[in-house]
Amino acid sequence: VPSNSPVGAQFPFSGIDDRENWPIVFYNRTCQCQGNFMGYNCGECRFGYTGPNCTVRRNMIRKEIFRMTTAEKDKLIAYLNLAKHTTSPDYVIATGTYEQMNNGSNPMFADINVYDLFVWLHYYASRDAFLEDGSVWANIDFAHEAPGFLPWHRFFLLLWEREIQKVTGDD
């Protein structure tokens, strides 16, 4: 349930940006996963779990890039290149605002490759806000200038790693 708490003075506009009420601005209902399941359809294990019932705890070690071997770096670059050339089987991106979609009666979504999905997600969270009068509020960056900076980026990286693992089949 989105918060109805008032925003601070640093946010002088209210009700003008799709991100303020994400995801309900585009969707009128979402699911809530149970147990150790997650994902848009609750069909994946929560981060840190694996197995058919998502009950096996799994610790992943993220190796520092400066400590990777040349072969490991080459593999990483190959995986990023593969993601750049693989259409996401699960996600699409909005190509217009809710208002431009005429309250949902004119859907504006497009397929996207896995790599660019994350470019778009980061852009969407940090882009300028488009105001009702057609002007732009350029002094806002929800991804970097807000209390959610660290948790948002942690989730962003976990999801990025998950999608690369799905594309490559390599945990």
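Since the model is a prediction, treat every value here as computed from it, not as a measurement. Per-chain numbering applies: the sequence of each chain, read as written, is numbered from 1 onward. With the structure being a predicted model, the display of local features is reserved for residues of pLDDT at least 70 and the display and counting of side-chain atom pairs for 80 or more, all residues being used for whole-chain, interface and lining totals. Think of the side-chain values as coming from all heavy atoms in the structure, minus any hydrogens and water.

With that settled, the discussion passes to the overall build of the protein. The way it works is that DSSP assigns letters per residue, a run of H or I at least four long becomes a helix, a run of E at least two long becomes a strand, and they are numbered from the N terminus. On a plain count of helices and strands, the protein comes out with three helices and eight strands. Beginning at the N terminus, the succession of helices and strands in the protein can be written as β-β-β-β-α-β-β-α-β-β-α. The cut-offs for exposure are 20% and 50% of the maximum accessible area for each residue type, with area from a 1.4 Å probe on protein chains only; residues under the lower value are buried, those over the upper are exposed, and the others partly exposed. Of all 171 residues assigned to the protein, the portion counted as buried reaches 27%. By definition in these notes, contact holds between two residues if any of their heavy atoms fall within 4.5 Å. Once local pairs closer than 6 in sequence are excluded, the contacts in the protein between residues at least 24 apart make up 52%.

Two cysteine sulfur atoms form a disulfide, by the criterion used here, when they sit within 2.5 Å. Going through the model one piece at a time under the given rule, you end up with two disulfides. Paired through a disulfide, Cys33 and Cys42 show a sulfur-sulfur distance of 2.1 Å. Classification of the bridge connecting Cys33 and Cys42 rests on its S-S torsion, roughly -90°, and on that basis the disulfide is left-handed. A sulfur-sulfur distance of 2.1 Å marks the disulfide that ties Cys45 to Cys54. What sets the handedness of the Cys45 and Cys54 disulfide is the S-S torsion sign, and at about -85° it is left-handed. A relative accessible area of 13% means that Cys45 is categorised as buried. The disulfide pattern of the protein is 1-2, 3-4 when the bonded cysteines are numbered in sequence order.

Among the secondary structure elements, Arg162 is positioned in helix H3 (residues 149-168). By relative accessible area, Arg162 is classed as buried at 10%. The sequence separation of Arg162 and Phe47 amounts to 115 residues, and the corresponding C-alpha distance is 8.5 Å. In this structure Arg162 touches Met38, Glu44, Cys45, Arg46 and Phe47, once residues within four positions along its chain are discounted. Looking at Arg162, its side chain comes within polar contact range of the main-chain oxygen of Cys45, at 2.9 Å. We define a polar contact as two N or O atoms separated by no more than 3.5 Å, with the added condition that, inside protein, one atom must be a possible hydrogen donor and the other a possible acceptor, whereas residues neighbouring each other in sequence contribute only through side-chain atom pairs.

Moving on: helix H2 (residues 114-126). Every helix has an expected span of 1.5 Å times one less than the residues it contains. Spanning 13 residues, H2 covers 19 Å between terminal C-alpha atoms, matching the ideal 18 Å at 1.5 Å per step. Taken together, the buried positions of H2 are Val114, Leu117, Phe118, Trp120, Tyr124, Ala125 and Ser126. Elements that come into contact with the buried residues of H2 comprise helix H1 (70-84), strand S5 (87-94), strand S6 (109-113) and H3. Of the residues that open H2, the one with a side-chain oxygen 3.1 Å from the backbone nitrogen of Tyr115 is Asn113.

UniProt positions are given in the numbering used here, feature names are shortened, and annotations may be inferred rather than shown by experiment. The UniProt record marks residues 144-161 with the feature "domain: Tyrosinase copper-binding" (unreviewed entry), using the residue numbering of this structure. Helix makes up 72% of residues 144-161 and strand 0%, and the two end C-alpha atoms of the span are 20 Å apart.

On to the nonpolar core. The biggest cluster of nonpolar side chains holds 14 residues, and the ones touching the most others in it are Phe118, Trp120 and Trp160. When residues of this core are traced back to their parent elements, those giving at least two are S5, H2 and H3. When residues of this core are assigned to their parent elements, the largest contribution, five residues, is made by H2. Aside from chain neighbours lying at most four places away, what touches Phe118 is Phe156, Leu159, Trp160 and Glu163. Among the buried residues, those of types Ala, Val, Leu, Ile, Met, Phe, Trp, Tyr and Cys that are joined through side-chain atoms within 4.5 Å form a nonpolar core.

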